[in-house]
Amino acid sequence: MATLAVTRRHDLTDAQWQRLAALLPAASAKGRPPKWEKRQLIDGIRWRIRIGSPWRDVPAEYGPWQTLYGLFRRWQRDGTWDKILAASQTT
C-alpha cells in the first residue's frame, strides 16, 4: 500500500504507522471498500485528542468528523484502543 505524506507535524511517521498497522484489527471483506485510509482517520482522531476540540472541528483533510467519531467509538467499545495501548507499552 502506498504511504500517505505526513501533512502535519504531529501526524504518524511511516515507521510509527508500520508498528501501529500491525496492531489494528483486520479489515472486513464484507461491504463496500473504505473511502478513507485508516492512517488518515487515526491521524484525525489523534489530532482531536491532542487538541481537545469538538469532533466537528477536526480538519477536513482527515476525513468527515462523523467517520472519525464512528471509528473512535467502535474501537473504544470493542477494546481495540486498549489492545493498542497495552502493546505499545510493552515495546
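Preceding block: the structure.
It should be emphasised that the depicted structure is a prediction, and the values quoted were computed from it without experimental measurement. (Residues numbered from 1 in each chain as written. Predicted model: local features only at pLDDT ≥ 70, side-chain atom pairs only at ≥ 80, totals over all residues. Heavy atoms only, no water.)

S.K.: Break down the packing of aromatic side chains for me, citing the residues and quoting the values.
M.R.: Overall, the coordinates contain four aromatic pairs when judged by the stated rule. Between tryptophan 55 and phenylalanine 72, the ring centres sit 5.4 Å apart and the planes meet at 50°, which makes this aromatic pair tilted. Residue tryptophan 55 is found in the loop between helix H2 (38-51) and helix H3 (65-78), and its partner phenylalanine 72 is found in helix H3; the two are separated by 17 residues along the sequence. Both residues of the pair, tryptophan 55 and phenylalanine 72, count as buried. Ring plane angle 65° and centroid distance 5.2 Å describe the contact between tryptophan 75 and tryptophan 81, whose orientation is recorded as edge-to-face. (Phe/Tyr/Trp six-rings, centres within 6.5 Å; stacked < 30°, edge-to-face > 60°. Helix = DSSP H or I, 4+ residues; strand = E, 2+ residues; numbered from the N terminus. Buried < 20%, exposed > 50% of the residue type's maximum accessible area, 1.4 Å probe, protein only.)

S.K.: Give me the packing of helix H1 (residues 14-21) against H2: which residues, what numbers.
M.R.: Each packed pair of helices is defined by two parameters, the angle between the axes and the distance between the axes. Following both chains from N to C, one finds H1 and H2 inclined at 100°, their axes separated by 12 Å at the closest point. Considering the angle they form, H1 stands roughly perpendicular to H2. Contacts from Asp14, Trp17 and Leu20 of H1 reach H2 at Lys38, Arg39 and Ile42. Within the contact of H1 with H2, the residues separate by chemical class into three nonpolar, no polar and three charged. (Axes fitted to C-alpha atoms, helices over the stretch in contact; angles between N-to-C directions. Parallel < 35°, antiparallel > 145°, perpendicular 65-115°, else oblique. Contact = heavy atoms within 4.5 Å. Nonpolar A, V, L, I, M, F, W, Y, C, P; charged D, E, K, R; others polar.)

S.K.: Report on H2, specifying residues and quantitative values.
M.R.: Taking 1.5 Å per residue, 14 residues should reach 20 Å; H2 reaches 20 Å between its end C-alpha atoms and fits that length. Taken as a whole, H2 has its buried residues at Arg39, Gln40, Leu41, Ile42, Asp43, Gly44, Ile45 and Trp47. For H2, the secondary structure elements touched by its buried residues are H1, H3 and helix H4 (80-90). Glycine 52 occupies a position one or two residues after H2 and carries a positive phi of about 85°. (Expected span 1.5 Å × (residues − 1).)

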